[in-house]
Amino acid sequence: MRKFEKKIFKMSSLKKLAATVLSAAFVFTASVIPTEAASGTWNSDGSGWWYSYSDGSYAQNTWGDIDGSWYYFGANGYMDYSSYRDGYWLNADGTCSTGYSGGHWEGNNTGGWWYTDASGWYPVSQWLWIDGKCYYFKASGFMATDEWVDGCYLDKSGAWVPGKKKGAQTAWMAAYEKVVNDYASKNKETKYGKIRYALIYLDGDDIPELVCGKQGYYVSLYTYYNNKAVCVMDNWAYGAGGNVGYSYSERTGLVSNSNSDMAGSIRYITYYELKNGKLQQTDYYYCTASYNLKSYGFDWKHSSDADYHYYRIPTKKSSSGYKNYEEISKATYDSYQKETSGYIQGGSTKDEILGNLK
């Protein structure tokens, strides 16, 4: 393997990237006036660049082919740059490089993990953004884990934890520490249900949300708002009755829940948004059914109807029953679906999570 320097981030620059993968230090063009390109418009602010369309939407969690170059736009809509995404290197102007691809993790039993690509390059003594998270690679090329580098903490997965300060427990850490201790005292483990914890980045700030739950049974979620820990999910159940659990999209505030009924013949997906310390259901939720639900209702006598149907349901009228279901096309149904690939579930023990809150 050969090594050379591609991009070294100074820690002063890295801290400016806390809110997003981008920073104002990058200048794509001298003008801040939106630039028309392809079928949309380039826009910028103090955090970076994004690409919007005439209908008001913008590229998000996706690759985009714009004027013959490929770009990647993160969960917050900003363009990635000077980082690896899905194994491809993104240049300083955000364009996907054809020279560096095939990026992937490798590891062994002696030194840990490192990152390399098809060219044989690997990072040495530098910070590097990979798929939306920032890592530090030592002089040996191995990823740093569970330690402090340049005054920044890297957790056990190697990812930088924004907002955590060395030698001083911040207010949100102290608040979460109390929540963990209280939760552990009130919720007991069983042979098949372990109490586990996690820190996730659900909303757009640099303070993570705290996950507490009994694996396979229920989960709670806390956010730090107005200088206190606020419970926005209080032991919400899952794992039975067709409820597969809760997912989220990082740094967007978006949470989803997938549920089913009638032995899987009916499937629901509900979306929630975390705003101002509250997790609120969106105006609509959605349903697919393997038969005409508005004709048969929740009646098993629908065997003669094998066509799939798609519905949008107003949240405020959901108690009125299926008669208020608005039937929509599959294409329309698909357009309403949002990506929530992260799973809201704890994985750390009490001692492990408390160690991350010091």
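Computed from a predicted structure; not experimentally measured.

Counting 18 residues, the largest nonpolar core has Y197, L210 and L357 as its most contacted members. For this core, the elements supplying multiple residues, two or more each, are α2 (171–186), β14 (195–200), β15 (209–214), β16 (218–225) and α5 (350–355). The element that contributes the greatest number of residues to this core is α2, accounting for eight residues. Counting residues in each nonpolar core, the second largest holds 17 residues, with L202, L221, Y246 and I344 among its members.

Relative to strand β3 (residues 48–53), strand β2 (residues 40–45) runs antiparallel, the two sharing six bridges. In the strand pairing of β3, W42 is matched with Y51. Turn length for the β2-β3 hairpin, with the two strands adjacent in sequence and antiparallel, is two residues.

A separate point is α2. A rise of 1.5 Å per residue sets the reference length of α2, with its 16 residues, at 22 Å; its end C-alpha atoms lie 23 Å apart and thus fit the reference within 8%. Taken together, the buried positions of α2 are occupied by W172, M173, A175, Y176, E177, V179, V180, Y183 and A184. On its buried side, α2 packs onto β14, β15, β16, β17 (228–237) and α5.

Let's shift gears to the sheet that holds β15. As a general point, the strands of a sheet are linked pairwise by backbone hydrogen bonds and lie either parallel or antiparallel. If you walk across this open sheet you meet the four strands as β14-β15-β16-β17, and the pairing is antiparallel. Of all the strands in the sheet, just β14 and β17 have a single pairing partner and so form its edges. Across the sheet, the axes of successive neighbouring strands diverge by a mean angle of 20 degrees, strand direction being ignored. Here seven bridges tie β16 to β17, and the two strands are oriented antiparallel to one another. From the neighbouring strand, V219 faces β17, where its bridge partner is W236.

Conventions adopted
- Residues numbered from 1 in each chain as written.
- Predicted model: local features only at pLDDT ≥ 70, side-chain atom pairs only at ≥ 80, totals over all residues.
- Heavy atoms only, no water.
- Core = buried A, V, L, I, M, F, W, Y, C linked by side-chain atoms within 4.5 Å.
- Buried < 20%, exposed > 50% of the residue type's maximum accessible area, 1.4 Å probe, protein only.
- Helix = DSSP H or I, 4+ residues; strand = E, 2+ residues; numbered from the N terminus.
- Pairing = 2+ DSSP bridges.
- Expected span 1.5 Å × (residues − 1).
- Contact = heavy atoms within 4.5 Å.
- Axes fitted to C-alpha atoms, helices over the stretch in contact; angles between N-to-C directions.

Just distances and angles here, no functional claims.
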